[in-house]
Amino acid sequence: MLDSFFKQYRDELVKTLDMIDAIQLSELADVLWMAYQQGRRIYVIGNGGSAATASHYVCDFGKGATIPGEKRLKIMSLTDNVSHMTAISNDLSYKDVFKEQLENLLEPKDVVIAISASGNSSNVVTAVAYANEIGAVTAGILGFDGGKLKQMTQHCLVIENFNYGQVEDAHLILGHVLSQYFRTLIQARSR
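Heads up: these notes are all about the structure in this document. (Residues numbered from 1 in each chain as written. Predicted model: local features only at pLDDT ≥ 70, side-chain atom pairs only at ≥ 80, totals over all residues. Heavy atoms only, no water.)

## As for unusual backbone geometry
Part 1: Despite not being glycine, K109 has its phi angle at roughly 75°, a positive value.
Part 2: Within the element layout of this structure, K109 appears in the loop between helix 5 (97–105) and strand 3 (111–116).
Part 3: Although it is not a glycine, F144 sits at a positive phi angle of roughly 50°.
Part 4: Relative to the elements of secondary structure, F144 occurs in the loop between strand 4 (137–143) and helix 7 (147–152).
Part 5: The buried category is assigned to F144, whose relative accessible area is 12%. (Helix = DSSP H or I, 4+ residues; strand = E, 2+ residues; numbered from the N terminus. Buried < 20%, exposed > 50% of the residue type's maximum accessible area, 1.4 Å probe, protein only.)

Below, the structure written as structure tokens:
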């Protein structure tokens, strides 16, 4: 029973990965590379499993893509400071948990990466709206049909699948692809 369930899950995930739009993926890589070259900051946000993915991206880009002696990417997850997040949630509202942090940090032309399976998380939507207002670059790594964020982000990649687990699997794989590709770009530049 588990064997057949695993095979079905794996086959659906492979089919989902095969549908990833290479142009959208290239655009995301270009956004990250431009931010790196210009010394801009990148902020990554998400809820639930996507919050964990945001932290994972920062680890992979901040540590895994680092080349000794080369400039480093300025990247941070806004999901990692629990005391700040809970203070905002308690004193203001949960929908402002990322926007309030961005108000302290974000500058025009910095990048906000919104990770969301549904594309409809109110706190991510609120943060992206704020980022767009002040002239930041917004990117969505989304699932399902892209939700509200598909129309709000300047660059987005949608994993067209309605299984949360498979969408989150694909988001993690994309983080590994992008960060390892990013490392090769830095290596090529340093030669």
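Read on for the rest.
## What to know about the packing of helix 1 (residues 2–18) against helix 8 (residues 164–190)
Part 1: Running from N to C, helix 1 and helix 8 cross one another at 50°; their axes reach a closest spacing of 10 Å. Compared by their axis directions, helix 1 and helix 8 come out oblique. In this structure, the crossing between helix 1 and helix 8 has a hand that is right-handed. Taking contact as the criterion, the partners of Y9, E12, L13, T16 and L17 in helix 1 are, on helix 8, G165, Q166, D169, A170 and I173.
Part 2: Across the contact of helix 1 with helix 8, the residue classes tally to five nonpolar, three polar and two charged. (Axes fitted to C-alpha atoms, helices over the stretch in contact; angles between N-to-C directions. Parallel < 35°, antiparallel > 145°, perpendicular 65-115°, else oblique. Left-handed = near helix turned anticlockwise from the far one by under 90°. Contact = heavy atoms within 4.5 Å. Nonpolar A, V, L, I, M, F, W, Y, C, P; charged D, E, K, R; others polar.)

## A few points about the pairing of strand 5 (residues 155–159)
Part 1: The buried count for strand 5 comes to four of five residues, which makes it a mostly enclosed element.
Part 2: Relative to strand 5, strand 4 runs parallel, the two sharing five bridges. Residue G140 lies in a different strand from strand 5, and its bridge partner there is C156.
Part 3: In this view, the connection linking strand 4 to its parallel neighbour strand 5 by way of helix 7 has right-handed handedness. (Pairing = 2+ DSSP bridges. Right-handed = clockwise from strand over helix to strand, strands pointing away.)

## A look at helix 3 (residues 49–64)
One full turn of an α-helix is made of 3.6 residues, so residues set three or four places apart face in the same direction.
Part 1: The end-to-end C-alpha distance of helix 3, which contains 16 residues, comes to 21 Å, matching closely the 22 Å that a straight helix rising 1.5 Å per residue would cover.
Part 2: Within the span of helix 3, buried status applies to S50, A51, T53, A54, Y57, V58, D60 and F61.
Part 3: Close packing links the buried residues of helix 3 with helix 2 (22–38), strand 1 (41–45), strand 2 (74–77), strand 3, strand 4 and helix 8. (Expected span 1.5 Å × (residues − 1).)

## Let's talk about the packing of helix 5 against helix 6 (residues 122–134)
Part 1: Interaxial distance between helix 5 and helix 6 falls to 7 Å at its minimum, and their mutual angle equals 30°. By the criterion of interaxial angle, the relationship of helix 5 to helix 6 is roughly parallel. Every residue of helix 6 that contacts helix 5 at V97, F98, K99, L102 and E103 is listed here: N123, V124, T126, A127 and Y130.

## Comments concerning the pairing of strand 2
Regular strands have side chains that alternate between both faces of the sheet.
Part 1: Along strand 2, the buried face is formed by I75 and S77; none of K74 and M76, which line the opposite face, is buried.
Part 2: Both strand 1 and strand 2 contribute to a ladder of four bridges, which runs parallel. Residue pairing for strand 2: V44 is matched across the bridge by S77.
Part 3: Each parallel crossover has a hand, and the one from strand 1 via helix 3 to strand 2 is right-handed.

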